[in-house]
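Given next are the chains, with one letter for each unit.
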Amino acid sequence: VSGPPAPRRKLPRIPSYGGRPQQHEACPRVSVLVPGGAEESLRCTEDKLTLRKRKGFVRVALETGASLVPVYTFGESRLYAPVTRDKQLLSRLVRLQKRLGVGTPLVIGDAWWNAVVPKRGELHTVIGKPIDVRRFWRKAECDDGEDGYTFTDSDVDALHAEYIAALQTLYRTYQPVVAPNAPAMFEIVS
């Protein structure tokens, strides 16, 4: 599926890149975006990632030239117990979270009187190979006559699919080693 091309524009100035994405390798700063957000916080006790429709982080990477790095932490979903698994209640909470703009998981941690302290458990974070997004850039002339870069919605979709595939490969590679009791694969939802 191909969408209309994105408007031609200069890439935004990012202090860590000095406004010039070609200096990316020379600048060792890191920015982190967690695409799951408030909706995923309600599923924090399940091996489900809220990622299917989340493409904003891919757009930000394309706009700034920052590489996408697949990262997965095994064991996070075992740190808390859910207060409820009632789908109707959870769906109401998702709507409330969207309205309020704040996500609060309904969980019990180490003890019922202190829900915020997680249970004891091992966490193993694995980091995949960075995905260079600049290969999707196309030179374009901006409205002010200067050179800039552009990308299309189909570029966003292709990069998003590549990121999910890299995350799944990372999981399949390390799950048998660091978390043999974890599910064979996480589930990607909305």
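Residues numbered from 1 in each chain as written. Predicted model: local features only at pLDDT ≥ 70, side-chain atom pairs only at ≥ 80, totals over all residues. Heavy atoms only, no water.

Undergrad: For this particular structure, what's the right way to read the overall build of the protein?
TA: For the protein, the count of helices and strands is four helices and eight strands. Start at the N end of the protein and walk to the C end: the helices and strands fall as α-β-α-β-β-α-β-β-β-β-α-β. For the protein, with 190 residues in total, the buried portion stands at 34%. In the structure as shown, the protein presents an accessible area of about 12000 Å², 55% of it carried by carbon and sulfur atoms. (Helix = DSSP H or I, 4+ residues; strand = E, 2+ residues; numbered from the N terminus. Buried < 20%, exposed > 50% of the residue type's maximum accessible area, 1.4 Å probe, protein only. Areas by Shrake-Rupley, 256 points an atom, 1.4 Å probe, with all protein chains shown as cover.)

Undergrad: Quick question: what am I supposed to make of the confidence of the model for the protein here?
TA: Interpreting fine coordinate detail is not advised for predicted regions of low pLDDT. On average, the protein scores 76 in pLDDT, and the residues at 70 or more come to 71%. Ranking the elements of the protein by mean pLDDT puts helix H1 (residues 37-41) last, at 66, and helix H4 (residues 153-178) first, at 94. Low pLDDT (under 50) marks residues 1-24, which in the prediction has 51 contacts with non-local residues, meaning those over four places away or in another chain. (pLDDT = per-residue confidence, 0-100. Contact = heavy atoms within 4.5 Å.)

Undergrad: I'm lost on the packing of aromatic side chains in this one. Help?
TA: Aromatic ring pairs are described here by two measures, namely the spacing of the ring centres and the angle between the planes. All told, the structure shown has six aromatic pairs when counted by the stated rule. On the numbers, 5.0 Å between centres and 85° between planes, the contact of tyrosine 72 with tyrosine 171 is edge-to-face. Of the two residues, tyrosine 72 is situated in strand E2 (residues 71-74) and tyrosine 171 in helix H4; the sequence distance between them amounts to 99 residues. Each of the two residues, tyrosine 72 as well as tyrosine 171, counts as buried. (Phe/Tyr/Trp six-rings, centres within 6.5 Å; stacked < 30°, edge-to-face > 60°.)

Undergrad: So what exactly am I meant to see when it comes to the side chain of aspartate 47 here?
TA: Residue position: aspartate 47 is located in the loop between H1 and strand E1 (48-50). Judged by relative accessible area, aspartate 47 falls into the buried class, the value being 17%. Polar contacts involving the side chain of aspartate 47 include one to the side chain of arginine 78, which spans 3.0 Å. For aspartate 47, the residues in contact, after removing those within four places along its chain, are Tyr72, Ser77, Arg78, Pro183, Phe186 and Glu187. (Polar contact = N/O pair within 3.5 Å; in protein donor to acceptor, adjacent residues only side chain to side chain.)

Undergrad: When you look at the nonpolar core in this model, what are you seeing that I'm missing?
TA: Grouped burial of nonpolar side chains is what soluble globular proteins tend to show. Formed by 26 residues in total, the largest nonpolar core has its most connected members in Leu51, Leu62, Leu68, Tyr72, Leu159 and Leu167. Listed by contribution, the elements that provide at least two residues to this core are helix H2 (56-64), E2 and H4. Take this core: its biggest share by element is seven residues, from H4. When neighbours within four sequence positions are excluded, leucine 167 is seen to be in contact with Leu49, Leu51, Pro70, Val71, Tyr72 and Phe186. (Core = buried A, V, L, I, M, F, W, Y, C linked by side-chain atoms within 4.5 Å.)

Undergrad: Hey, could you run me through H2 in this one?
TA: Residues three or four positions apart in an α-helix share a direction because the helix packs 3.6 residues into each turn. All buried positions along H2 are accounted for by Phe57, Val58, Ala61, Leu62 and Thr64. After H2 finishes, the residue glycine 65 shows a positive phi value of roughly 85°.

Undergrad: What should I look at first to understand the side chain of aspartate 155 in this one?
TA: By secondary structure assignment, the location of aspartate 155 is in helix H4. Setting aside anything within four residues of it in sequence, one finds aspartate 155 in contact with Phe136 and Arg138.

Undergrad: Looking at this structure, how should I read the packing of H2 against H4?
TA: Following both chains from N to C, one finds H2 and H4 inclined at 110°, their axes separated by 9 Å at the closest point. In this view, H2 runs roughly perpendicular relative to H4, as classed from their interaxial angle. Crossing handedness for the pair H2 and H4: right-handed. Here H2 contributes Phe57, Val58, Arg59 and Leu62 to the contact with H4, which in turn contributes Asp153, Val156, Leu159, His160 and Tyr163. (Axes fitted to C-alpha atoms, helices over the stretch in contact; angles between N-to-C directions. Parallel < 35°, antiparallel > 145°, perpendicular 65-115°, else oblique. Left-handed = near helix turned anticlockwise from the far one by under 90°.)

Undergrad: Sorry if this is basic, but what is going on with H4 here?
TA: Its 26 residues give H4 an end-to-end C-alpha distance of 36 Å, which sits within 8% of 38 Å, the value for a rise of 1.5 Å per residue. Where H4 bends most, at arginine 172, the angle is about 25°, and the proline proline 176 comes one to four residues later. All of the buried residues along H4 are Asp155, Val156, Leu159, His160, Tyr163, Ile164, Leu167, Leu170, Tyr171 and Gln175. Packed against the buried residues of H4 are E1, H2, E2, strand E5 (124-127), strand E6 (138-141) and strand E8 (187-189). (Expected span 1.5 Å × (residues − 1). Bend = angle between axes of the 7 residues up to and from the residue.)

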